[in-house]
Amino acid sequence: MRIAAGGFQHETNRFSPIPTTWADFEREDGWPGLTLGDALFEVFPNMNIPLGGFLQFGRNRYDVVPILWASAEPGGLVENDAFDELCEQLINALESALPLDGIYLDLHGAMVTESFEDGEGEFLTRLRARLGFEIPVAVSLDLHANLTEKMVEMSDVMTIFRTYPHLDMAQTGYRAGKLLDEILSSNRKPYRAFRKPPLLVPLHAQCTDLEPCHSIYQSVVQDDSLHKVHSDIAMGFPASDIADCGPGVVAYSYSELGAIDKANQLEDLFCQNESRFSFPLYCEDEGVKLALDSLSGEKPIVFADIQDNSGAGATSDTTGLLRALVNHRVRNCALAALHDVDAAKQAHDLGVGAEFECVLGGKFAGEGISPYRGVFKVAALSDGHFQYHGEMMQGGMANIGPTAVLELANEAAEISIVVTSERIQCLDQALLKHIGIEPAQKSILAIKSTVHFRADFAPIAGKIILIKSAGFNPCQLTSTLLPRLRPGVRIL
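Residues numbered from 1 in each chain as written. Predicted model: local features only at pLDDT ≥ 70, side-chain atom pairs only at ≥ 80, totals over all residues. Heavy atoms only, no water.

A.B. asks: How do you make sense of the sheet that holds strand E10 (residues 248-253) when you look at a structure like this?
C.D. replies: Across a sheet, strands are paired by hydrogen bonds formed along the backbone, either parallel or antiparallel in direction. Reading across from one edge, E7-E10-E9 is the order of the three strands in this open sheet, with antiparallel pairing throughout. Both edges of this open sheet fall to strand E7 (191-195) and strand E9 (230-234), since each of them pairs with a single strand only. Taking each pair of neighbouring strands and ignoring which way they run, the sheet shows an average axis angle of 15 degrees. (Pairing = 2+ DSSP bridges. Helix = DSSP H or I, 4+ residues; strand = E, 2+ residues; numbered from the N terminus. Axes fitted to C-alpha atoms, helices over the stretch in contact; angles between N-to-C directions.)

Structure, rendered in structure tokens:
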């Protein structure tokens, strides 16, 4: 059987001041860049990415036709030209590959474009308009997908990450392959049931290592077969600010009643746990004082700068936490990663050991956001090309451009700041280690991430403190902040 495989990824943050262009999908950064045709077989099979998991399942079973894969760092609305180009390239290539017995698509589920709130739903609609509904289409989605009726209607089965941090990305693509195989083997498409619990859960409360998500997700790890019931949950991405933001539940089965019962059960489970989605957040000074009182000297205190996470579309250049660390004269501290192209270039031009005055970060205007002005010493330099070692990225390569470690030259505080030319979420210790910083030997680590950092940093952390410093990934949600959200949704 001939099965086509491809996809594209973008998590859209409507609050981000950084537009998402075609060049962003072409460029390699913390993820692979635009990859075409047979190059998919070279790049993805050993990566913890859904397409890699599907290829592991399908290459020895099918004649897999590789199409294209692209990803852009989360950011603002996807420009229409970029979206149209993605759709046209992928659909044209699928049409050229006909006849096909099936299609697998590695999508995200939270793409918003200049013209469409539901980017994936619009893409699937265009696909069906060109190729029809006869060919089974299996889709894998990110845990933060904002599931819509159109996504469910325009695909035959979908699988969704079940972990946050996303340790099971490849497994999710593999499961999509297994379910597509069941459809092809039985020559039957399953019944489907779709529910949208009337809740909106902030990003930092979606961690599946913690309650209540840990228990909720245990209820879907049961029967991954259409002959019984396959179900999955998406937690939603609030910063997309669309009508359909929030959790969604899907269930598939050759028993219509089985699918409906499972979807109802999972929706009820969400509502029963509504009061448990609560995690303490600290302002910068409060958090730093708490850390200084908790220092034991054995393991580092880890600050999560949750609202300046580029992996959720933020700028990764706000300096509120840095300023608090300086004011409290912290010692033996590392901060990663602050995005500042100019500062990184200046450091590379001057070389290791040089000192220079710089206006660091804060390039985008926003409430509570300003740059940090100071004199810095260049402590280390890197070309920004390194291999991940943590469980989430599992050997993938990053290419984030000229990178530097800057140290404060005229302050009592002792802070090593990793400054990058590309935005990158600090979800792997390799970001620090590749440029000479050993995270476990630091007293304090200030990490620009919301949850993903936990996979690689929690094992070395003495304490984790969530900081609500200003940034473009809002985690304290209100109805006035999200005017497009459908009526009746309770914001947690």
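More follows now that the structure is in view.
A.B. asks: Just to check I follow, could you spell out the side chain of Asn473 for this structure?
C.D. replies: Summarising the element assignment, Asn473 is placed in the loop between strand E20 (463-467) and strand E21 (490-491). Polar side-chain contacts of Asn473 include one of 3.4 Å to the side chain of Thr450. Dropping the residues within four chain positions of it, Asn473 is found in contact with Asn13, Leu203, Ala239, Ile306, Gln307, Asn309, Ala312, Ala314 and Thr450. (Polar contact = N/O pair within 3.5 Å; in protein donor to acceptor, adjacent residues only side chain to side chain. Contact = heavy atoms within 4.5 Å.)

A.B. asks: What is the right way to look at the sheet that holds strand E4 (residues 102-106) in this model?
C.D. replies: Here we have six strands laid out as an open sheet, ordered E2-E3-E1-E4-E5-E6, and mixed in their pairing. A strand with exactly one partner marks an edge of an open sheet, and here the two such strands are strand E2 (35-36) and strand E6 (157-160). The pairing of strand E1 (residues 2-9) with E4 spans five bridges and is classified as parallel. Across the sheet, Gly7 pairs through a bridge with Asp106, a residue of E4. Taken strand by strand, helix H5 (residues 119-131) contacts E1, E4 and strand E5 (137-141), and its axis lies near 160 degrees from that of E4. Helix H7 (residues 169-186) rests against E1, E4, E5 and E6 of the sheet, and its axis sits at about 160 degrees to E6.

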